[in-house]
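# Breakdown of the fold
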Amino acid sequence: MKTLIIALLFATAFSETLYGQKYKPIIEPFPAMVKADPRLILKTGYLVVPENRNKPGGRKVKIPFLFVRKPDQNPRTNISLYTTGGPGYSTTLNIDSISYNSGFLAFGGFIAFDQRGTKRAKPCLDCIGVASAIKRSYREGKD
C-alpha cells in the first residue's frame, strides 16, 4: 500500500511537469474594440500565446477577445463563451456595440473569442485576392 501511494504521488508530480503549460499567456489591451453601455464592465484585448506550444520562446499569435458583464453579475460564474465556426470568420468583428439589456447578458457575463488568423487576429491569414476574385466572377458570370 505504501509503495502504491508513493507511486501515485510520483506520477502526479511528474504528470504536472510533463503536461503543464510551459508558458504564461499575456493579456494585451485592445481599447475601443466595441462600444458598450457605460454601466457595463467591459474588457477587450488580445490573448498573446506562442504560435507553437512546444516552442514557447518562438513567434507569438494575438487572439482578440472581449469580456462583458453587468456590475451585479459574478465575474466567475454563469459566463458564456461565444465564438463562431468556419475558417476565417471573425466573432469580435461582428459585434460593434453592446447594450445594457443585450441578450448576450441574459444569464450572466459573456466572452467573445476569435479564432487564430481571423480578421482582428495577428497575424491575420486572410487571402487578399479572394474578395476581388469573387467580385470579378460575379461580374463575368463565372462560377
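Refer to the structure printed above.
All residue numbers here refer to positions counted from 1 along the written sequence of the relevant chain. Note on the predicted model: pLDDT of at least 70 is required for a residue's local features to be given, and 80 or more for side-chain atom pairs to be given and counted; whole-chain, interface and lining totals, by contrast, use all residues. The side-chain numbers reported here are obtained from all heavy atoms of the structure, hydrogens and water having been left aside.

## Concerning the sheet that holds strand 5 (residues 80-82)
- We treat two strands as partners when DSSP finds at least two bridges between them. Secondary structure elements are taken from DSSP: a helix is a run of H or I of four residues or more, a strand is a run of E of two residues or more, and numbering for both begins at the N terminus. Here 5 strands make up an open sheet; going across it, the order is 1-3-4-7-5 and the pairing mixed. Of all the strands in the sheet, just strand 1 (26-29) and strand 5 have a single pairing partner and so form its edges. Ignoring which end each strand starts from, the neighbouring axes of this sheet average 30° apart.
- Where strand 5 meets strand 7 (residues 110-113), 3 bridges bridge the pair, whose relative direction is parallel. For Tyr-82, the partnering residue across the bridge sits in strand 7 and is Ala-112. Axis definition: a line fitted to C-alpha atoms, limited for helices to the stretch in contact. Angles are taken between N-to-C directions and run from 0 to 180 degrees.

## As for the packing of aromatic side chains
- The aromatic pairing rule takes the rings of Phe, Tyr and Trp, using the six-membered ring of Trp, and pairs them if the centres are within 6.5 Å, calling planes under 30 degrees apart stacked, those over 60 edge-to-face and the rest tilted. Taken as a whole and assessed by the stated rule, the structure comprises 3 aromatic pairs.
- Here the aromatic rings of Tyr-82 and Phe-104 are separated by 5.1 Å at their centres, their planes lie at 55°, and the arrangement is tilted. Pair noted here: Tyr-82 is in strand 5 and Phe-104 is in the loop between strand 6 (97-98) and strand 7, with a separation of 22 residues, a long-range link.
- When a residue's accessible area, from a 1.4 Å probe over protein chains only, is under 20% of the maximum for its type it is buried; when over 50% it is exposed; and in between it is partly exposed. Classification of Tyr-82 as partly exposed rests on a relative accessible area of 33%.
- A ring pair is formed by Phe-104 and Phe-110, whose centres lie 4.4 Å apart and whose planes are at 20°; its orientation type is stacked.
- According to the relative accessible area criterion, Phe-110 is buried, its value standing at 1%.
- Through successive ring pairs, a cluster of aromatic residues spans Tyr-82, Phe-104 and Phe-110.
- When the NZ atom of lysine or the CZ atom of arginine is within 6 Å of a ring's centre and also within 35 degrees of its normal, the charge is said to sit over that ring. When the ring centre of Tyr-100 is taken as origin, the NZ or CZ atom of Arg-39, which lies over that ring, is 4.1 Å away.
- Lying over the aromatic face of Tyr-46, Lys-62 brings its terminal NZ or CZ to 5.9 Å of the ring centre.

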